[in-house]
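# What the coordinates show
Below are the chains, spelled out letter by letter.
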Amino acid sequence: MAESNECFNIGSTVSCKTCFGEELQGEVVAFDPHVKLLTLKAAASSGRTSLCDIRMVNLSYVSQVTVLREAAGSPLPSLPSLNLAKLNSRAKRSIEEKQRLIQAMQSGVSPDGQKLFLTICKTIEEVTWVGTNILVMGQVLISAPYMPENVREHKEGKETNAKTLGYIRKIVDKFHKDQQSLPLNNGTSATPVVAEVQPVSQ
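Residues numbered from 1 in each chain as written. Predicted model: local features only at pLDDT ≥ 70, side-chain atom pairs only at ≥ 80, totals over all residues. Heavy atoms only, no water.

## Some words on the overall build of the chain
- Scanning the chain for helices and strands turns up three helices and nine strands.
- Listing the helices and strands of the chain from first to last along the sequence gives β-β-β-β-β-α-α-β-β-β-β-α.
- Per-residue burial over the chain gives 31% buried out of 202 residues.
- Expressed as a percentage of contacts within the chain between residues at least 6 apart in sequence, the contacts between residues at least 24 apart total 43%.
- A total accessible area of about 13,900 Å² is found for the chain, and carbon and sulfur atoms account for 54% of it. (Helix = DSSP H or I, 4+ residues; strand = E, 2+ residues; numbered from the N terminus. Buried < 20%, exposed > 50% of the residue type's maximum accessible area, 1.4 Å probe, protein only. Contact = heavy atoms within 4.5 Å. Areas by Shrake-Rupley, 256 points an atom, 1.4 Å probe, with all protein chains shown as cover.)

## Digging into a nonpolar patch on the surface
- Among the surface-exposed residues, V29, I54 and M56 lie close enough to one another that they form a single nonpolar patch of about 260 Å² accessible area.
- Tracing the backbone shows I54 in strand β4 (residues 52-58). (Patch = residues over 30% accessible without salt bridge, like charges linked within 9 Å, V, L, I, M, F, W, Y side chains within 5 Å. Salt bridge = Lys/Arg side-chain N within 4 Å of Asp/Glu carboxyl O.)

## Quick word on the packing of aromatic side chains
- One pass over the full model with this rule turns up two aromatic pairs.
- Their ring planes at 85 degrees and their centres at 4.9 Å tell us that F8 and F31 sit as a pair that is edge-to-face. Separated by 23 residues along the polypeptide, F8 in the segment before β1 (13-18) and F31 in strand β2 (residues 23-32) bring together distant segments of the chain. Here F8 and F31 have matching classes, each one buried.
- Arranged with centres 4.8 Å apart and planes meeting at 20 degrees, the rings of F117 and W129 form a pair that is stacked. Within this pair, whereas F117 is found in helix α2 (residues 111-121), its partner W129 is found in strand β6 (residues 127-130), the two being separated by 12 residues in sequence. With respect to class, F117 is no different from W129; both count as buried. (Phe/Tyr/Trp six-rings, centres within 6.5 Å; stacked < 30°, edge-to-face > 60°.)

## A few points about the sheet that holds strand β8 (residues 140-142)
- As summarised here, the arrangement of the four strands in space is β6-β7-β8-β9, forming an open sheet in which the pairing is antiparallel. The sheet terminates laterally at β6 and β9 (151-153), the two strands that pair on one side only. Put simply, the sheet's adjacent strands are angled 30 degrees from each other on average, direction ignored.
- Note that β6 and strand β7 (residues 133-136) share four bridges and pair antiparallel. The partner of W129 across the bridge, within β7, is I134.
- Contacting β6, β7 and β8, α2 runs over the sheet at an angle of about 150 degrees to β6.
- Its contacts with the sheet put helix α3 (residues 162-181) on β7, β8 and β9, and the angle it makes with β9 is roughly 165 degrees. (Pairing = 2+ DSSP bridges. Axes fitted to C-alpha atoms, helices over the stretch in contact; angles between N-to-C directions.)

## Quick word on α2
- The set of residues buried in α2 consists of G113, Q114, L116, F117, I120 and C121. When α2 is viewed along its axis, its buried side chains cluster within an angular range of 160 degrees and face the same direction. (Arc of directions from axis to C-beta.)

## Some details on the environment of A43
- If you trace the backbone, A43 turns up in strand β3 (residues 37-43).
- Residue class for A43 comes out exposed when judged on its relative accessible area of 69%.
- Spatially, the C-alpha atom of A43 lies 9.8 Å from that of Q25, the residues being 18 residues apart in sequence.
- Look past the residues within four positions of A43 in its chain and what remains in contact with it is C52 and D53.

## Quick look at unusual backbone geometry
- The linkage connecting A144 with the following residue, P145, adopts the cis geometry, with an omega of 5 degrees.
- If you trace the backbone, P145 turns up in the loop between β8 and β9.
- With phi around 55 degrees, K36 is a residue other than glycine that occupies positive phi space.
- Relative to the assigned elements, K36 resides in the loop between β2 and β3.

Structure representation (structure tokens):
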């Protein structure tokens, strides 16, 4: 195993030889000495200049590490402070969304109903379940099978504006049109998609 108690400077170029004989080379973008994890950035294997490959190397399985080029001595920029209130709010919304989905599944809601629910949640925050019905903004109720004609005013809720009702119907209509345009719904075979690493600014 390679000695991992040394520090790898961000921006340095290193070459690693794994215990399996594979050689990896790239620019150091992160290094955690506690878990012996080295993160390297290299040119994209796909050849696209706007992308890059990111490899996470466990130094416990590396037999040799060679520093090919040391990083310039310029200090690293300070990290921005985290907005903890925003992060906590996002985590709370995520937990609530998962709880609502569990509630929907336990109520026997169809997969289309669950997908529509999530689609509406992306643009409107006040969305919940009333049994197997989707309640939007406390005004509009969408019942199974969750088609545009199943969108109606919620009699027990707030007074519904005709514009709001029409807007929700448009969301439901667009959702079903998008679902019909998906390859799986057209009877064509699906091909697995290989995700590429997002562009990284040089």
